[in-house]
Each structure stands twice: as structure tokens, then as C-alpha cells.
Amino acid sequence: MAGSAGTPGTPRVLRAMNDRAALDLLLEHGPLSRTRIGKLTGLSKPTASQLLARLEAAGLVLATGTTEGRPGPNAQLYEVNPTAAYAAGLDVTPERILAAVADITGRTVGSYELPTPGRRPAQPVIRQVTDALDGAVKAAGLARDDVHRLVIGTPGAFDPNTGRLRYASHLPGWHTPALLDELAAALPMPVEYENDVNLVAVAEQRLGAARGHEDFVLLWNEGGLGAALVLGGRLHRGWTGGAGEVGFLPVPGTPLVRQVTKANSGGYQELAGSQAIPRLAREIGMSSVPSTPYAEAAATLVERAAGEDTVLNRLLLQTYATRLATGLASLVSVLDPELVVLSGASLTSGGEVLRALVQAELEELAASRPRLVVGDVREHPVLRGALESALGTTRDEVFNTSR
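Focus: the overall build of the chain
Working step 1: Scanning the chain for helices and strands turns up 14 helices and 15 strands.
Working step 2: Computed over the C-alpha atoms, the radius of gyration of the chain is 24 Å, within 12% of the 22 Å expected from 2.2 N^0.38 for a compact globule of 403 residues.
Working step 3: Among the 403 residues that make up the chain, the fraction classed as buried is 50%.
Working step 4: Entry remark: accessible area of the chain is about 18700 Å², with carbon and sulfur atoms responsible for 51%.
Working step 5: For the chain, the distance from the average position of its 37 positive side-chain charges to the average position of its 42 negative side-chain charges is 3 Å.

What follows is the structure, encoded as C-alpha cells:
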């Protein structure tokens, strides 16, 4: 009915739009005065005052200090109330689960690491998830019920058609058909599941090298080789959730891998994945190849090669760059993205030196020539992406003042 509450253009909806704009500005800029909020939103001083009073009464903003020390009379400053809501994220690998809780401003207030070694989980997955979450919640000084939403990042992806985890046979205990229902029953908050590399793309889009970009590919190389595809500003997951599983991509330069899901590998993974770098180093005659796990060894070799200009280091980097560009050429030829973000320790450890080599090789192999950049989010990027994903939905729900 025209003029009813919630109708677009009505005072209630306009107030909600202004409230959200002000909250987003406070998240972006930190504490702001009423005058500054008015200027940034285009609202009059009386309207800005009413807005802030409304948000303060709703528990969404707090008065915090004044503009003391600045020219002119002191003005009251306001900030988003960090305790308005909390969100949590989990980063799951075969070796451990990292958990963290963030307040609604995005500040991490508690974290916990739960080791999960072994081919067979010592505890059921439900217990692992709840123990990891509870550890982070306890570190934050909160209760489980205080968490508004949880996002769990895993290798592979849960097939939206069957609810089963696919493309991650190396993750023990996570393939039970009833797993999602059991987790939903065990946890008091909404739970979402996302591919780990997709979450790295979320982190880069909101906080890092892909900010402001609507179409980009993120290439990840650490424990495994994968990609995230962001098209029109949204993640493209594919029909079974497997979009971006580029490790399975057949590429020239390596034997054709068949039954790839059983092997949990494919041509591109064998050619350019982290496990190929120590092998390549030995093949070209390097004598000091680290004996650490392959992902750690690969990052060490690439970092050393980028920092020490020797014949063997140049050969290692150039060969690695060619291998990376071989698979990327197929991706960019199909997707034609604006940007490619290189992420994961086996890529970021090479810095600008490796990036420039891959860029040059890609321009030789593909007609499409996107700009390549090195990812900015280096510390636990999967976990950071999980938190950002959970916070995005939480803010939409908590900041909705039109209800």
C-alpha cells in the first residue's frame, strides 16, 4: 500500500538508508563528529543529530571522546559500538583448524588453533569444529551464543546439490553426508561454508589488492594450487561448487593425469604446484634444497631466488614463471579478467620479481593481458576472508534499522 512502512522512498526507508550510510562511514573512517558525518552524507546538522541519537539509542554507535586539540570548539565524536555483534571464522586444513572471533568493526578479539594431525581424525568433525570455535570464543571473553554468524573455510567445496564436500579427499572426516545437518544442530548460530581460496579472494577484495575491482582472478599456491573467480563483483562457484579447481587443469609440459579426483591432483598442480618447486630445484642442480614440508620449502626457495641474483636462482624463477603462466593463459583466455591477484606463500614470497616474470610470460601466451598484482593479505588470508564474509552478512542484519 502506498505510504506504508517499508515502501521505497518513505521516511522510514530513507532513514534506514541514511543510518546505514553513516554506519559504513564510521567503519571506514573511525570516530567522526556530527558535523563531519553531515558533510560526508549530505545531511543537515539537525538530521545528522537525529540520526546519531537514533543509532545511539539502538546500541549501534557510542559517543567516544571529543575533537580536543583541533581548531575550533570541541565536538563530540561517535564510533560504531564494537560490541553490537560478533562474527566468527574457521580455516580448516588436514593439519589444524584456525578459529577467530571479530567484533562488528572487524577487530579480531579472540583466536585459537586446534591441531588435527593424522589421516583419521582423533575426534569427530563436529567436536573439532565446536572445540575450535569455543577456544576462540573463550579467548574473546564471550559465550558461544554471542556469535551472530560463523563462516567455515575448507579446501574443496560443499556441493550445493548434494551437501557433500567435493575436491578435498585429503580432508579426513569431512565427507559424511549428514555433516552439514549435524553442524547446524550443534551450533546456535547460522553457519556458512566456503572454499578456502574463495575466502582469500573475499579478503583481497575487501581489504587488499583487489579493492575496487569487479572482475578478477585470484591464483593461490600454497598447500594446493587453486583459483577464485570474481565476476561482476560476485564469487563464481560453479554448478557443483568446483569453479576454480585449476589444479586439475590439463596443461602442456606434464603427463596427462587421469582420475584426478582419486589422485587429488592434476596437470597444472603437477607442473606448477608447491610440490613441484623443490623437485625443480633439484633438477637444475641446486644443492641446498630445504628438507621442510614441500609448501614451506617452496616458499623458502622462491623467496631466496627472488632475493639472490644467481644463475640457478634466475633459472628457477624463470622456469616457475613459465609454468605458472601456462595455466594462467587458459584461465584468462576464457574469463578475460581485469586483474589477476597472486596469493599463497609460493607466489607472494617471490614478490615483484616473480610477478614481473609471470606477467611477461603471460603476455607471450595469452591474447588477453590482465594486470598481475601480488596479494596484500598475507597473515592467515583464509581466516581473514572467513571473518570478512561473516561480518558482511552480520552487518547487513544488525545495521538494518528499517525493521
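As for the side chain of Thr130
Working step 1: Position of Thr130 relative to the elements: it lies in helix 4 (residues 125-139).
Working step 2: In terms of polar contacts, Thr130 uses its side chain to reach the backbone carbonyl oxygen of Ile126, at 3.0 Å.
Working step 3: Excluding anything up to four places from it in sequence, Thr130 contacts Arg144, Ala186 and Leu187.

Description of empty space enclosed by the protein
Working step 1: Evaluated as defined, the whole model comprises one cavity of 30 Å³ or more.
Working step 2: By volume, the largest cavity is sized at about 60 Å³.
Working step 3: Lining the largest cavity are 11 residues, with Thr93, Pro94, Thr116, Gln128 and Pro172 positioned closest to its centre.
Working step 4: Tallied by class, residues from the lining of the largest cavity come to seven nonpolar, four polar and no charged.

Focus: the pattern of salt bridges
Working step 1: In total, this model carries 14 salt bridges according to the counting rule given.
Working step 2: Two residues, Asp131 and Arg127, come together in a salt bridge whose shortest N-O distance is 3.0 Å. Within this pair, Asp131 and its partner Arg127 are both found in helix 4, separated by four residues, close to a single helical turn.
Working step 3: For Asp131, a relative accessible area of 22% corresponds to the partly exposed category.
Working step 4: Note on Arg127: relative accessible area 46%, which makes it partly exposed.
Working step 5: A single salt-bridge network, built from bridges that share partners, covers Arg20, Asp24 and Asp396.

Description of the sheet that holds strand 15 (residues 371-374)
Working step 1: Spatial ordering of the open sheet is given by 13-12-11-14-15, a layout of five strands whose pairing is mixed. Of all the strands in the sheet, the pair left with one neighbour each is strand 13 (234-235) and strand 15.
Working step 2: Alignment of strand 14 (residues 339-343) against strand 15, held across four bridges, turns out to be parallel. In the strand pairing of strand 15, Leu339 is matched with Arg371.
Working step 3: Against the sheet, helix 11 (residues 311-335) makes contact with strand 11 (216-221), strand 12 (225-231), strand 14 and strand 15, and its axis sits at roughly 150 degrees relative to strand 11, the strand it touches most.

Some remarks on the pairing of strand 11
Consecutive side chains of a regular strand alternate in pointing toward one face of the sheet and then the other.
Working step 1: The buried count for strand 11 comes to six of six residues, which makes it a mostly enclosed element.
Working step 2: Burial of strand 11 is two-sided: the residues Phe216, Leu218 and Trp220 facing one way and the residues Val217, Leu219 and Asn221 facing the other way are all buried.
Working step 3: As defined by bridge partners, strand 11 adjoins strand 12 across six bridges and the pair is classed as antiparallel. Looking across to strand 12, one finds that Trp220 is bridged to Gly226.
Working step 4: Two strands pair when backbone bridges link them, and strand 11 and strand 14 are joined in this way by five bridges, in the parallel orientation. Bridging from a neighbouring strand, Val217 pairs with Val340 of strand 14.

Here's the deal with helix 6 (residues 196-207)
Working step 1: Taking 1.5 Å as the rise per residue, helix 6 with 12 residues should run 16 Å; its terminal C-alpha atoms sit 16 Å apart, in good agreement.
Working step 2: Across the 12 residues that make up helix 6, a large majority, nine, are buried.
Working step 3: Taken residue by residue, helix 6 has Asp196, Val197, Asn198, Leu199, Val200, Ala201, Val202, Ala203 and Glu204 as its buried positions.
Working step 4: Residue Asn195 occupies the N-cap position of helix 6, its side-chain oxygen lying 3.0 Å from the main-chain nitrogen of Val197.

Side note on the packing of helix 1 (residues 11-29) against helix 3 (residues 45-57)
Working step 1: Contact geometry of helix 1 with helix 3 gives a least axis separation of 10 Å together with a crossing angle of 80 degrees. Between helix 1 and helix 3, the crossing angle belongs to the class labelled roughly perpendicular. When helix 1 is examined against helix 3, the residues Arg15, Asn18, Asp19, Ala22 and Leu23 are found in contact with a partner set consisting of Leu51, Arg54 and Leu55.
Working step 2: Of the residues belonging to the contact of helix 1 with helix 3, the class tally is four nonpolar, one polar and three charged.

Overview of the packing of aromatic side chains
Working step 1: On inspection of all chains with the given rule, the structure shows two aromatic pairs.
Working step 2: When the ring of Tyr167 is compared with that of Phe248, the centres are 6.4 Å apart and the planes differ by 45 degrees; the resulting orientation is tilted. Here Tyr167, found in the loop between strand 9 (165-166) and helix 5 (179-186), pairs with Phe248, found in the loop between strand 13 and helix 7 (260-263); they are 81 residues apart in sequence, far enough to count as distant. Across the pair, exposure class does not vary: Tyr167 and Phe248 are buried alike.

Thoughts on the nonpolar core
Working step 1: Leu219, Tyr268, Leu316, Leu324, Leu328, Leu354 and Leu362 are the most contacted members of the largest nonpolar core, which totals 39 residues.
Working step 2: Only strand 11, strand 12, helix 8 (267-272), helix 9 (276-283), helix 10 (294-307), helix 11, strand 14 and helix 13 (351-365) provide two or more residues apiece to this core.
Working step 3: For this core, the leading source of residues is helix 11, giving 10 residues.
Working step 4: One finds Ala99, Val129, Leu133 and Val147 within the second-largest nonpolar core, a separate group that totals 28 residues.

Definitions and limits used
Residues numbered from 1 in each chain as written. Predicted model: local features only at pLDDT ≥ 70, side-chain atom pairs only at ≥ 80, totals over all residues. Heavy atoms only, no water. Helix = DSSP H or I, 4+ residues; strand = E, 2+ residues; numbered from the N terminus. Rg over C-alpha atoms; globule rule 2.2 N^0.38 Å. Buried < 20%, exposed > 50% of the residue type's maximum accessible area, 1.4 Å probe, protein only. Areas by Shrake-Rupley, 256 points an atom, 1.4 Å probe, with all protein chains shown as cover. Lys, Arg positive; Asp, Glu negative; His and termini not counted. Charge placed at Lys NZ, Arg CZ, Asp CG, Glu CD. Polar contact = N/O pair within 3.5 Å; in protein donor to acceptor, adjacent residues only side chain to side chain. Contact = heavy atoms within 4.5 Å. 1 Å grid on protein atoms, 1.4 Å probe; cavity = no way out; pocket = protein on both sides within 12 Å on 5 of 7 lines; lining within 4 Å. Points joined across faces, edges and corners; volume = space filled by probe spheres on them. Nonpolar A, V, L, I, M, F, W, Y, C, P; charged D, E, K, R; others polar. Salt bridge = Lys/Arg side-chain N within 4 Å of Asp/Glu carboxyl O. Pairing = 2+ DSSP bridges. Axes fitted to C-alpha atoms, helices over the stretch in contact; angles between N-to-C directions. Expected span 1.5 Å × (residues − 1). Parallel < 35°, antiparallel > 145°, perpendicular 65-115°, else oblique. Phe/Tyr/Trp six-rings, centres within 6.5 Å; stacked < 30°, edge-to-face > 60°. Core = buried A, V, L, I, M, F, W, Y, C linked by side-chain atoms within 4.5 Å.

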